[in-house]
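Descriptive analysis of the structure
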Amino acid sequence: MNNLGYYNGKIGPIEEMSVPMNDRVCWFGDGVYDAGLCRNYRIFALDEHIDRLFNSAAMLDIRVPLPKDELRELLNSLVRKLDTGDLFVYYQVTRGTAMRSHDYEPTPGNLWVMIKPAAQGDFAGSIKLITVEDTRYFHCNIKTLNLLPNVMAAQKAKLAGCQEAVFYRPGGRVTECAHSNVHILKGGALWTAPADELILPGITRAHLIRSCAALGIPVHQEPFTLEELFAAEEILVTSSSKLVCFASELDGKPVGGRQPQLRERIRQAMLEEYLEATEV
Ligand code: PLP
């Protein structure tokens, strides 16, 4: 298969799949999701992603319809149906199926999976960013399907010829990006926003923190501001689909590029971890 859709046991090409109108996701965006890269049919950091999916679901009283080990086995078997092993693997659990009503009965969730080919790169090269005020709510640590501010920010970035939008709160605290986490190198150390309710605890952020620690780079999990972002030695953007990227432009102004060796060591360390974990 070229791509794959899965819904509660039914499998088919994504374009041919249909779902019940009463899936609560259609009325309320009532669900949680997770996603990551796969190389050589090996899904990267799968256990970490499944743990986060279950945490997101538990925080919203959503019932994942199968245990963790069965979900792992299912995803590992589904990727084998694809023509290539280099893939993007996305899965979500929605609260269930019912007539529209804000309150709910505790029914088993619906499991969706979407798998499509993903180009594998060396994640070199730099990206351009814009800043956008973070008007999201205070549950950004839960990976829910309520992504409208993220969608609007990502579109604004695209229209500006950029690859990501950096969110900041009133007062200037930088939180994260539309679909990535953002970090800075300052004084040779890594600064990354604390994993509170204002950011998603990125799996790649956790890998970055571990890589920096292994490289002897000090790590500060503390808030930083827009001013510090503009003045940073490097700006790093992490996500499961792009691992780590570095920014060269922010709101049309040149940024970063002042720690090229440190930046390359970080990129190499993260790339090596990915390649080793997905080797056959
Ligand atoms: N922040 C947001 C809002 C995201 O949507 C994502 C990824 O989808 C991330 C951060 C990065 O998280 P991860 O590294 O787990 O992909």
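In what follows, the accompanying structure is described. (Residues numbered from 1 in each chain as written. Predicted model: local features only at pLDDT ≥ 70, side-chain atom pairs only at ≥ 80, totals over all residues. Heavy atoms only, no water.)

Take the pairing of strand E8 (residues 164–168) next. Burial analysis of E8 places four of its five residues in the buried class, the great majority of the element. When strand E7 (residues 126–133) meets E8, the two strands line up parallel, connected through five bridges. Each bridged residue has a counterpart across the sheet, and for Glu-133 the counterpart in E8 is Tyr-168. Handedness of the crossover joining E7 and E8 through helix H4 (residues 148–159) is recorded here as right-handed. Strand direction decides the pairing type here: E8 and strand E9 (residues 174–177), joined by two bridges, are antiparallel. Residue pairing in the sheet places Val-166 in a bridge with Cys-177 of E9. Where E8 folds back onto E9 in an antiparallel hairpin, the turn is made up of five residues, including Gly-171, whose phi is positive at roughly 105 degrees. (Buried < 20%, exposed > 50% of the residue type's maximum accessible area, 1.4 Å probe, protein only. Helix = DSSP H or I, 4+ residues; strand = E, 2+ residues; numbered from the N terminus. Pairing = 2+ DSSP bridges. Right-handed = clockwise from strand over helix to strand, strands pointing away.)

This part takes up the site of the ligand. Around the ligand, the structure places 17 residues, and the nearest of them are Arg-52, Glu-176, Ile-203, Thr-204 and Ser-240. Between the ligand and Arg-52 there is a distance of 2.8 Å, counted from an oxygen atom to a side-chain nitrogen or oxygen. A distance of 2.7 Å separates an oxygen atom of the ligand from a polar atom in the side chain of Ser-240. Burial of the ligand by the protein amounts to 91% of the accessible area it has alone, namely 390 Å². When contributions to the shell around the ligand are tallied by element, the ones reaching two or more residues are E9, helix H5 (203–214) and strand E13 (234–239). Counted by class, the shell around the ligand contains five nonpolar, nine polar and three charged residues. (Near = heavy atom within 4 Å. Polar contact = N/O pair within 3.5 Å; in protein donor to acceptor, adjacent residues only side chain to side chain. Areas by Shrake-Rupley, 256 points an atom, 1.4 Å probe, with all protein chains shown as cover. Nonpolar A, V, L, I, M, F, W, Y, C, P; charged D, E, K, R; others polar.)

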